[in-house]
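# Secondary and tertiary structure notes
The residues making up each chain are set out below.
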Amino acid sequence: MTDVPGSDRVRRRAVPATKPRVRMSAAQRREQLISIARQIFAERGFDATSIEEVASRAKVSKPVVYEHFGGKEGLYAVVVDREVRSLLDRITTALTAGHPRELLEQAALTLLTYIEEETSGFRVLVRESPLMSATGNFSSVMNDVAHQVEHILGAEFSSRGYDPKLAELYSQALVGMVALTGRWWLEVRRPRKETVAAHLVNLAWNGLSHLESKPGPIQG
């Protein structure tokens, strides 16, 4: 039988070799799983998130996720802990001004910047979960910030003749106002964060600058 011209060349043509799949190190895989879980927890919350979906998006088997974190609770705890530390570090670093008005603006702007840049992380923090503890959620971060503000307000109150023991109450009120506004701004994203921070300072500071030393109920 006569060979078809060029058939040898066809038979001898090398099949392109497929590149071997590069395996992640254990540390790289852990970071990948944390990143994927962070996104899913932000989208769906703790209860609606499954290890199956995390594994599927990471293109690994479920036992790989269990090996790294022990289960959904362990994975969630790692994600939340990272976000708590990240937000607290940002705010602590930003609180440098000596004047209370500048301090409030720094705290407000830092929180809004975190919301803008780390939206998924913020959504994880503000979602309620049965696993949330007193030291592992958004409220705990805001409490830590309030304690820092409390020391500064205490000194300011003393210099103005107010009771410094009330600094804790006022610091919680101020930080709570900023935090709740931040949750609102997360959804609307307007006006600009700098404008929102300016209005928060306007409300808080102009109120603080005209405090009554011993306010009483309007209706007795």
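Residues numbered from 1 in each chain as written. Predicted model: local features only at pLDDT ≥ 70, side-chain atom pairs only at ≥ 80, totals over all residues. Heavy atoms only, no water.

### Remarks on the packing of aromatic side chains
To be explicit about the condition: Between the rings of Phe, Tyr and Trp (Trp by its six-membered ring), a pair exists once the centres lie within 6.5 Å; its type follows the angle of the planes, with under 30 degrees stacked, over 60 edge-to-face, and the other angles tilted. Buried means the residue's accessible area, taken with a 1.4 Å probe over protein chains only, is under 20% of the maximum for its type, while exposed means over 50%, and partly exposed covers the values in between.
All chains considered together, the criterion is met by six aromatic pairs. With a centroid separation of 5.7 Å and 85° between ring planes, the pair formed by Phe157 and Tyr162 is classed as edge-to-face. Assigned by exposure class, Phe157 and Tyr162 land together as buried. Summarising the aromatic geometry, the rings of Phe157 and Tyr170 are spaced 5.2 Å apart at their centres and angled 75° between planes, so their arrangement reads as edge-to-face.

### Quick word on empty space enclosed by the protein
Applicable threshold: Every definition here rests on a 1 Å grid over the protein atoms only: cavities are sets of points where a 1.4 Å probe fits but cannot get out, pockets are open sets enclosed by protein on both sides within 12 Å along at least five of seven lines, and lining residues have some atom within 4 Å of a point. Grid points are joined across faces, edges and corners, and a volume is the space filled by probe spheres set on the points. Note on conventions: DSSP H or I runs of at least 4 residues are helices, E runs of at least 2 residues are strands, and numbering of each starts at the N terminus. For this scheme, ten residues count as nonpolar: Ala, Val, Leu, Ile, Met, Phe, Trp, Tyr, Cys and Pro. Four count as charged, namely Asp, Glu, Lys and Arg, and the remainder, Gly too, count as polar.
In this structure the tally under the stated criterion is three cavities of 30 Å³ or more. Here the largest cavity is characterised by a volume of approximately 160 Å³. Around the largest cavity, the lining is made up of 16 residues, and of these Leu104, Ala107, Val149, Leu174 and Val175 lie nearest the centre. Going through the elements one at a time, helix H6 (100–117), helix H8 (138–160), helix H9 (167–188) and helix H10 (193–208) are the ones with two or more residues in the lining of the largest cavity. In terms of residue class, the lining of the largest cavity is made up of 16 nonpolar, no polar and no charged. Empty space within the second largest cavity amounts to approximately 60 Å³. Lining the second largest cavity are Leu153, Glu156, Phe157, Arg160, Tyr162, Trp205, Leu208 and Leu211. Broken down by secondary-structure element, the contributors of at least two residues to the lining of the second largest cavity are H8 and H10. It is H8 that contributes the most residues to the lining of the second largest cavity, four residues altogether.

### Here we look at helix H3 (residues 51–58)
Note the following rule: What makes two residues a contact is simply this: any of their non-hydrogen atoms within 4.5 Å.
Taken together, the buried positions of H3 are occupied by Ile51, Glu53, Val54, Ala55 and Ala58. Buried residues along H3 sit against helix H2 (26–48), helix H4 (62–69) and helix H5 (72–94). Lys59, located one to two residues past H3, shows a positive phi value of around 60°.

### A short note on the pattern of salt bridges
Put simply, the rule is: A pair is scored as a salt bridge if a Lys or Arg side-chain nitrogen falls within 4 Å of a carboxyl oxygen belonging to Asp or Glu.
Taken as a whole, this structure holds 13 salt bridges when the rule is applied. Between Glu43 and Arg57 there is a salt bridge, with its nearest N and O atoms 3.2 Å apart. Note that Glu43 is positioned in helix H2 and Arg57 in helix H3, a separation of 14 residues in sequence. Accessibility expressed as a relative area gives 40% for Glu43, which makes it partly exposed. Residues Asp81 and Arg85 are paired through a salt bridge, measuring 3.0 Å at the closest nitrogen-oxygen approach. Here Asp81 pairs with Arg85, and both are found in helix H5, just four residues apart, close to one helical turn. Given the relative accessible area of 44%, Arg85 is considered partly exposed. Sharing partners across several salt bridges, the network here consists of Arg38, Glu83, Arg90, Glu117 and Glu118.

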